[in-house]
Structure formats: structure tokens, C-alpha cells
Protein chains: 2
Amino acid sequence: MKTINLVGYGNVGQHIANMFSHLTDFQLQAVYTRTPIEQENLPFENVLSLDEMPFADLTIISVKDDAIAEISTQLPYKDSLVVHTSGSQPMEILSSKNRKGVWYPLQTFSKEKTINYAEISFFLEVEYERDRQIIEHFTKSISSSYCFLNSQQRKQLHITAVFACNFVNHLWTISEDIASKNQIPFQFLHPLIKETVDKIQYLSPKQAQTGPAVRKDLTVIEKHLQTIENESYKEIYKLLTNSIIQTHEL
Amino acid sequence: MKTINLVGYGNVGQHIANMFSHLTDFQLQAVYTRTPIEQENLPFENVLSLDEMPFADLTIISVKDDAIAEISTQLPYKDSLVVHTSGSQPMEILSSKNRKGVWYPLQTFSKEKTINYAEISFFLEVEYERDRQIIEHFTKSISSSYCFLNSQQRKQLHITAVFACNFVNHLWTISEDIASKNQIPFQFLHPLIKETVDKIQYLSPKQAQTGPAVRKDLTVIEKHLQTIENESYKEIYKLLTNSIIQTHEL
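Reading the values: rules and limits
- Here the residue numbering is sequential within each chain, running from 1 through the sequence in written order.
- Following the order in which they are written, the chains are lettered starting with A and the ligands numbered starting with 1.
- Local features in a predicted model are, by the rule used here, given only for residues with pLDDT of at least 70; side-chain atom pairs are given and counted only at 80 or more, and totals for whole chains, interfaces and linings are based on all residues.
- Heavy atoms from the whole structure form the basis of all side-chain values; hydrogens and water molecules are not counted.
- Inter-axis angles, ranging from 0 to 180 degrees, are taken between N-to-C directions of lines fitted to C-alpha atoms, where helices are fitted over the stretch in contact.
- Each helix is a run of DSSP H or I of at least 4 residues and each strand a run of E of at least 2, with the numbering of both proceeding from the N terminus.
- Roughly parallel means an angle under 35 degrees; roughly antiparallel, over 145; roughly perpendicular, 65 to 115; everything else is oblique.
- When the near helix sits turned anticlockwise from the far one by under a right angle, the crossing is termed left-handed; a clockwise turn instead gives a right-handed crossing.
- By definition in these notes, contact holds between two residues if any of their heavy atoms fall within 4.5 Å.
- Each residue receives one of three labels: charged for Asp, Glu, Lys and Arg, nonpolar for Ala, Val, Leu, Ile, Met, Phe, Trp, Tyr, Cys and Pro, and polar for the others, Gly being one of them.
- Any carboxyl oxygen of Asp or Glu that lies within 4 Å of a side-chain nitrogen of Lys or Arg is treated as forming a salt bridge with it.
- Only protein chains enter the accessibility calculation, which uses a 1.4 Å probe; a residue whose area is less than 20% of its type maximum is buried, one above 50% is exposed, and one in between is partly exposed.
- Summarising the geometry, the arc corresponds to the directions from the helix axis toward the C-beta atoms.
- In plain words, nonpolar cores are sets of buried Ala, Val, Leu, Ile, Met, Phe, Trp, Tyr and Cys residues tied together by side-chain atoms within 4.5 Å.
- What sets the superposition is a least-squares fit of C-alpha atoms, and only residues with pLDDT of at least 70 in both copies go into it.
- Strands are treated as partners if at least two bridges between them are detected by DSSP.
- Pairing of aromatic rings covers Phe, Tyr and the six-membered ring of Trp, with a centre-to-centre limit of 6.5 Å; geometry is then stacked below 30 degrees between planes, edge-to-face above 60, and tilted otherwise.
- By definition, being over a ring means that NZ of Lys or CZ of Arg is both within 6 Å of the ring centre and within 35 degrees of the ring normal.

Draft legend 1. Structural detail: the packing of helix 8 (residues 231-249) of chain A against helix 4 (residues 151-181) of chain B. Where helix 8 of chain A meets helix 4 of chain B, the closest approach of the two axes is 10 Å, and the angle between their N-to-C directions is 50°. Of the possible angle classes, the one that applies to helix 8 of chain A and helix 4 of chain B is oblique. Crossing of helix 8 of chain A against helix 4 of chain B: the hand is left-handed. Across the interface between the two elements, Tyr233, Ile236, Tyr237, Leu240, Thr241, Ser243, Ile244 and Thr247 of chain A of helix 8 of chain A pack against Val162, Phe163, Asn166, Phe167, His170, Leu171, Thr173 and Ile174 of chain B of helix 4 of chain B. Classifying every residue of the contact of helix 8 of chain A with helix 4 of chain B gives ten nonpolar, six polar and no charged.

Structure (C-alpha cells):
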């Protein structure tokens, strides 16, 4: 049984703590939080000062990006494996007193929505070759979707995730806004959205492209631009339409 | 048993013809195509000239937007219900010799991918109140997701669909492009994409927004902009980031 410490109990930290409920080879030993966790019969020790943190085989730091470096220096033990969970920070920001690594769960975590952890992709990095096994073993026990990336690749991955998730969700926000302003219940768009996603399980997104831009249907595009009232939405429509045309001309 | 004619057998037309396989109250009587359909034992008459089209209770015109008006004048019968399937064309473009209507299936149809027709939303419009019942009965026999919209609303709906489907798919194309340039298999982003969609079944897209822009994490945003090499992607990143910040400030 390997012991694991968790530092930070925010949105992502709480999801990480939940991942342990089914694990047999790994025990969540202690969680560091600045304020006590208000829940009875915690399955782990709730530590309120980093000094009290007991030694662990693996320590997961899940705090805001700009606090990672400082927190990693304050751990009271050394020569252990310490990973952070940030998509945008290099492994190097961790203190050298422990063996460095990254364990980045690529997912959009909301407190309001439970997640099937077996359906998360994890991106791993370790400073020392000998730590590959423990981080891989731990990750495998949660999900079969993982790969090792270096910090440079992870930086790019984080950008791909912003396009694939954050920006996509914003386009749905715009879509819902236009729908609601025209008394069209957004639920009627859900089947279209579901199929749009289903398609890219079978086709590459480039192959799956439909719509007036890829057809170069300038009449429809011009009509849409005349119809869109919000100037900011109009700019987005123009830029994405031109980008589709460019992409499919190459 | 009501009879239905289909005019046009392109991408959408073929999917419409397939929808009839399970219907008991409606029969696909004849399909007009410019060239013979190369398939044996067709369950309908394949008509190669519009003049030969037999009278039907409902005629569905599924041809290119700019051919709808002309085709509707060429039908050899009158005083029947004739609908088109275009999201961007008003009902009015149809010839007045028949009773006008619209039957718009909102979906992204690709020939390479089958679709569960019960999961399509249909948007209906009729010129005469008495035609509501037949178009509603016909639609209900395929899908429970439908509503009546006027031509003005449908025009807006088409724009919401471009944002929710076509533009979203393009962001995935960009995401895959960046991933592949950095040797990251795009399949690892599928769980994130799936969860992004699942979330908006429970939360509105606006509530579901995550990422650096909604957190106003200018450090990460600045780092991303320095990392993105493609100028066109950089413009899209900037515009969508600003739009997210604006939307969530209101």
C-alpha cells in the first residue's frame, strides 16, 4: 500500500480526493487545507499546517499556479516524489528538495457536476526515470487514458484544451444567447450538439466540417452577417468563417 | 396512409428517404432525382422528370437553397402541401400554387455517419393553420423534438446552429492541428470534449464556463499567446478570450 498526500482542496483537489474511494493499492493519507474540511468521518487526516504533513510515497500539489513553487518548498520532508497538477506550469517550478513530477488531469471540473474519473485523460511527467512506474501504476488504477508528455508539450496541450473545451463552451453560450433572444428553447439544439461530438469519434474534425463556410456559400454567410446584431458576435462569425475557408483551401 | 413525395436526393435527401423505413402512417411514394438512383428494389418510385411526379399529400423539397423556388413552380400539381428543408430560406420563396410550409431538420448530416433520426430536432412552419396537423403528425412519427418557428426565428436558429456546430467543429480542427504538431494524439482530448458536452445537459453553457479567460488569469493567457505560432489561431484566441471576459463581466 503506497501512501499519498494531497496539498490543496479546491475544485480540482476535491475531485482528486474522491478518486481514492475505489483504490486498493494507494491510500490518501493526509490532505492539507488552510481551513478545516467541514465533513465528519474523513477517510484521511486533515492537516492544517504544512509542517504536520507526514512523509508520503507521492505528494500531489493541487493549488493555484502561482502558489505551487512556494508550497513545494514548505513540505517538511525530502527525497519523495512530489507532483503538481497544472497544465500550464513546467515541472521545474517545483522545489528540488523532492523528486519532481507532473500529474495533470485534463478535464473541466465543476463542483456542480460529478465526473466518471475513468474517463479522464492524465498527462504525466517525471524528473527521474525510476519514478515512471509509481506514477503510471497510480494513474492506471484510475483511468486507462494517459500518456507521458514533457513540459513543452503540456504547454501546447493546455492550449489545445482551451480551444477544444473553453472556447467551444463559449460558442454554445453565444448560441444560447441568440436562441433565447428569439424565443427558441436551447434544448432543441442539444441533439445537434450531441451529434457534432459523436461525429468526431468516427471522423477527424477536419473531415467532419459542415456548414456555409466550408461550402463557401457566400450568400448565406452574407445574410447571416446582416442578421447578427451583436457586434462582438459578428466579429467572431467573420473570423471563424474565414479561418474555416482558409483551412479547407490548403 | 398519407403519401409523401421527396424532391432531391443529395446528402440531406438520402437521410430523409431513410427516415421512412419505420413509418406506418406515411408512405414515401416518389423521389425526384436528375439521374437514376443506382440501387435495386427501391421502396419508392424513382422519378427523373418533375412532370411525372404523382400528386402527394405532402411534398418535401430538399435541394440547394437557390434551386428551391424554381423547383417548387415546376411541380405538376397544385393545392397540396409543399415544404422545403432549408434553415436559411423563408417559407415565402415557395410557389403559391401549393400550400407552403417548412420542415427543417436541424442536424449535421455526413454521408459517412449514420444518425438516429429520433434525435433530430425539427423546426416547422405552415402557411395555413389547417396544415399544422399533418406536418406535426408526420414529424412526431420520427422525433419527439420539434417546434413551430416563423421564418424570422428560423433565420436566427440557423445562425445559432452555425455557432453551436460548425464553428465548434472548427475549434476542434484547430485543437487537433496544434496537438498533432506537438505529437499529442487527439484521442486524449476526447474525454474532455465529451464532458464539455455532458455538462451543458445539466448547466447552462454560461454557468459551465471554465478556463483562464473566465478566471481572468492574464498570466496564463499571455503565456498562451506567446506560445501559439499560427497567426490566425492567435487572432481567434484573442477574440474569444475577450468575448468570454466581456460576457462574464455583465
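And the narrative resumes.
Draft legend 2. Up close: the pattern of salt bridges. The tally for this structure, following the rule as stated, stands at 22 salt bridges over all chains. Glu231 of chain A serves as the salt-bridge partner of Lys234 of chain A, at 4.0 Å between the closest nitrogen and oxygen. Taken together, the residues Lys234 of chain A and Glu231 of chain A, both in helix 8 and three residues apart, mark about one turn of the helix. Residue classification places Lys234 of chain A among the buried residues on the basis of a relative accessible area of 17%. Note that Glu235 of chain A is salt-bridged to Lys238 of chain A, the shortest N-O span being 3.7 Å. One end of the pair is Glu235 of chain A and the other is Lys238 of chain A, both in helix 8 and three residues apart, which spans about a single turn. The partly exposed category is assigned to Lys238 of chain A, whose relative accessible area is 37%. Taken together, the salt bridges that share partners define one network made up of Glu119 of chain A together with Lys194 and Asp198 of chain B.

Draft legend 3. Examining helix 3 (residues 132-140) of chain B more closely. Residues and elements named next belong to chain B. Taken as a whole, helix 3 has its buried residues at Ile134, Ile135, Phe138 and Thr139. With its buried residues spanning 125° around the axis, helix 3 presents them on a single face. Opposite the buried face of helix 3, at more than 90 degrees from it, the exposed residues are Gln133 and Lys140.

Draft legend 4. Just the nonpolar core, in detail. In this structure, Phe163 and Leu171 of chain A together with Phe163 and Leu171 of chain B are the most contacted members of the largest nonpolar core, which totals 82 residues. Leu171 of chain B has contacts with Phe163, Phe167, Val168, Leu171 and Leu240 of chain A together with Ile236 and Leu240 of chain B, leaving out every residue within four places of it along the chain.

Draft legend 5. Examining the relation of the copies chain A and chain B more closely. Between chain A and chain B, the superposition needs a rotation of 180° and an axial shift of 0.0 Å, giving an RMSD of 0.0 Å. This pairing of chains is accounted for by a two-fold axis. It is Val168 of chain A whose C-alpha, among those of chain A, lies nearest the rotation axis, at 2.7 Å.

Draft legend 6. View of the sheet that holds strand 4 (residues 58-61) of chain A. Residue and element names in this part refer to chain A. Overall, mixed pairing links the eight strands, which are arranged 3-2-1-4-5-6-7-8 in an open sheet. Each edge of the open sheet is held by one strand with a lone partner, namely strand 3 (45-47) and strand 8 (146-148). Ignoring which end each strand starts from, the neighbouring axes of this sheet average 25° apart. Sheet topology places strand 5 (residues 81-84) next to strand 6 (residues 99-106); four bridges connect them, and they run parallel.

Draft legend 7. Structural view of the packing of aromatic side chains. Here the structure, examined in full by the defined rule, presents 24 aromatic pairs over all chains. Taken together, a centroid distance of 5.2 Å and an interplanar angle of 80° make the contact between Phe163 of chain B and Phe167 of chain B edge-to-face. Of this pair, Phe163 of chain B and Phe167 of chain B both sit in helix 4, four residues apart, which is roughly one turn of that helix. By the burial criterion, Phe163 of chain B is buried, and Phe167 of chain B matches it. Aromatic rings pair up to connect Phe20, Phe26, Trp103, Phe122 and Phe138 of chain A into one cluster. Here the basic side chain of Arg130 of chain A rests over the ring of Tyr128 of chain A, its NZ or CZ set 5.5 Å away from the ring centre.

Draft legend 8. Structural view of helix 1 (residues 11-19) of chain A. Within helix 1 of chain A the residues assigned to the buried category are Gly13, His15, Ile16, Ala17 and Met19 of chain A. On its buried side, helix 1 of chain A packs onto strand 1 (2-7), strand 2 (26-32), strand 4, strand 6 and strand 7 (121-126) of chain A.

Draft legend 9. Examining the environment of Ala30 of chain A more closely. Structurally, the position occupied by Ala30 of chain A is in strand 2. Filtering out sequence-adjacent residues up to four positions away, Ala30 of chain A remains in contact with Ile4, Asn5, Leu6, Phe44, Glu45, Val47, Met53 and Pro54 of chain A.

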